[in-house]
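What follows is the residue order along each chain.
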Amino acid sequence: MSDCSRPLDPLDVEALASGAEPLVQEDASRHAASCAACGASVAQARSLEGLIGAVARAGAVPPDLADRVLRVRPFSRAERWSPAVWRAPVLLLAALGGAGTVLIGGVSARPREQVGLGAALLASAAGLVRASWRWLADLSQAAPSGAAALSEILRATPAGWAALLLLPAAALGLRRVLSRAFARR
Amino acid sequence: MKRLAPLWLLAAAPALASAAPVSAPSSVTTFGRDLVISQPVSGRVLAAFASVRLEARVEGDVVVWGGDVSFGPGGEVGGNLSVFGGTLRASGTPPVHGVVSTPGSLLRLYLAEMKRAPWEAPPSATVWGLRLLALAAWLAAGIAVLFFFDTKLPRAAERASETPTIALLAGVLSIVTLFLAAAAVLALLPPPLSVPVALFVGAVAVAAKVFGMVTLFLMIGQRLSGRVAARQRPAALALGFAILGGVSLVPLAGPLVWSLASVLAVGVAFSTRFGAPRYRVAIA
């Protein structure tokens, strides 16, 4: 919190630090000279600017820095919720989902049932939803008992010891590759 | 896998040695060797990377990982039948008293929902439809990941595009390491501990694949379109997905490309540490 009752706008702080004319408050320069808190803000900004300038002069800033910063910039609030931004993937998703549902509808739609093609597609879609639910339930139910069975199988073979012997070599190799990948510019 | 030899006696030798000559073996276990059950088994039949043919009754469960199950005359299961990553072959309703489950196979569950026996060959339109829906699920996952990880994902895409060879190598080594770790844990730790740890390793692998695949979609789309700005990311993601997903539907080559992309994806996720920043700057 600033001790000043009329703190300078950040834009004016930057402007004063770089020797430019203030944009928001005309008497910003006089105010900074008389106010200790705002004077300190300007001094801090000037110091930071000096540091950034020194780094740039030393050639440590890669030429594609701005491009890389733009690449990883997060969505703004407007972008995140803008339908226009997400239109392409959502349309593709709808097309894929629709085409898939129509194709699997062929299982239940027979020639004599063509009158009720919509009903057949709905039945297929409902079957798909139920199957997906059952698939998740089946998988979560069978996975622990399946893993326990696999454990029992592996116990009866030397595969576990062989895996344990090979594991350090694989883990060390992976660690080397990952550290190289992460340190690389 | 397809060679079915009467090897159950070999696999069941330890159980038979301690059993009375007339009693059925309590349990049969096999790893990598196909099995024919031609005498009744009083316990369970467990197989990994092997196919099982049942020609006699098994009182307990039959659990098969990475192999097919078929029934001969007299083949019967008193407990549950679970086939992970394999096919169940039977002419008519399989004689299973418990639950028949093929976890991981949405197609067979869907056919069952449509009152079609899961062991019957499905119409090709259904297979294509489910493939398209599976791709739609991938795209939905991609949209969700991009929405919630809007900084990590582009960072990972940028770094993966710098070092694709390293990412591929990291993918191969990551998969080998995870596989060995899961096998060692399952074989050497007690089941109450090994099963949760193995499931955790599996969950990590799945998370890496999902994050890495979405990163690949974005990377391919950005490379082809040349547009990297934040508001253009969803369109780039759709473009990359359309290309990789489209290739995956090509017979023969498609599954190979998708598998290679999956290996690369796992490598991308781990080599970029799920898009974590390379440097952290503390401002005093």
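Calculation criteria
Residues numbered from 1 in each chain as written. Chains lettered and ligands numbered in written order. Predicted model: local features only at pLDDT ≥ 70, side-chain atom pairs only at ≥ 80, totals over all residues. Contact = placed C-beta atoms within 7 Å. Helix = DSSP H or I, 4+ residues; strand = E, 2+ residues; numbered from the N terminus. Nonpolar A, V, L, I, M, F, W, Y, C, P; charged D, E, K, R; others polar. Pairing = 2+ DSSP bridges. Expected span 1.5 Å × (residues − 1). Buried ≥ 20, exposed ≤ 12 C-beta atoms within 10 Å, placed from the backbone. Axes fitted to C-alpha atoms, helices over the stretch in contact; angles between N-to-C directions. Parallel < 35°, antiparallel > 145°, perpendicular 65-115°, else oblique.

Caption draft 1: Broad picture of the interface of chain B and chain A. The interface of chain B with chain A comprises 68 residues on the first partner and 63 residues on the second. In terms of residue count, helix H6 (residues 164–188) of chain B provides more of the side of chain B that touches chain A than any other element does, 14 residues in total. For the side of chain B that touches chain A, a count of residues per class yields 48 nonpolar, 12 polar and 8 charged.

Caption draft 2: Molecular detail of the sheet that holds strand S9 (residues 81–84) of chain B. Residues and elements named next belong to chain B. Read across the open sheet, the 5 strands follow the order S1-S3-S6-S9-S11; overall the sheet is parallel. Of all strands in the sheet, those bounded by a partner on one side alone are strand S1 (28–31) and strand S11 (100–101). Bridge analysis of S1 against strand S3 (residues 45–48) gives 4 bridges, and the strand direction is parallel. Bridging across to S3, Val-28 finds its partner in Val-45.

Caption draft 3: Local environment of helix H9 (residues 253–271) of chain B. Relative to the 27 Å expected for 19 residues at 1.5 Å per residue, H9(B) spans 27 Å between its end C-alpha atoms, a close match to the ideal helical length. For H9(B), the complete set of buried residues consists of B:Ala261, B:Leu264, B:Ala265, B:Val266, B:Gly267, B:Val268, B:Ala269, B:Phe270 and B:Ser271. Here the buried face of H9(B) lies against helix H8 (159–183) of chain A together with helix H5 (152–162), H6, helix H7 (191–225) and helix H8 (233–248) of chain B. Positioned one or two residues after H9(B), B:Arg273 has a phi angle of 50°, which is positive.

Caption draft 4: How the structure looks around the sheet that holds strand S4 (residues 52–54) of chain B. Residues and elements named next belong to chain B. Strand order in this open sheet of 4 strands is S2-S4-S7-S10, and the pairing throughout is parallel. The sheet is open, and its two edges are formed by strand S2 (35–37) and strand S10 (88–89), each paired on a single side. In the sheet, strand S7 (residues 69–71) pairs with S10 via 2 bridges, with the strands oriented parallel. Among the inter-strand pairings, Ser-70 is bridged to a residue of S10, identified as Arg-89.

Caption draft 5: Quick look at the packing of helix H4 (residues 65–72) of chain A against H5(B). At a closest axis distance of 8 Å, the pairing of H4(A) and H5(B) adopts a crossing angle of 135°. Viewed along their axes, H4(A) and H5(B) adopt a mutual orientation that is oblique. In this structure, H4(A) contributes A:Arg68, A:Arg71 and A:Val72 to the contact, and H5(B) contributes B:Pro154, B:Arg155 and B:Glu158. Looking at the contact of H4(A) with H5(B), its residues break down into 2 nonpolar, no polar and 4 charged.

Note that all results are geometric; they support no functional claim without further evidence.
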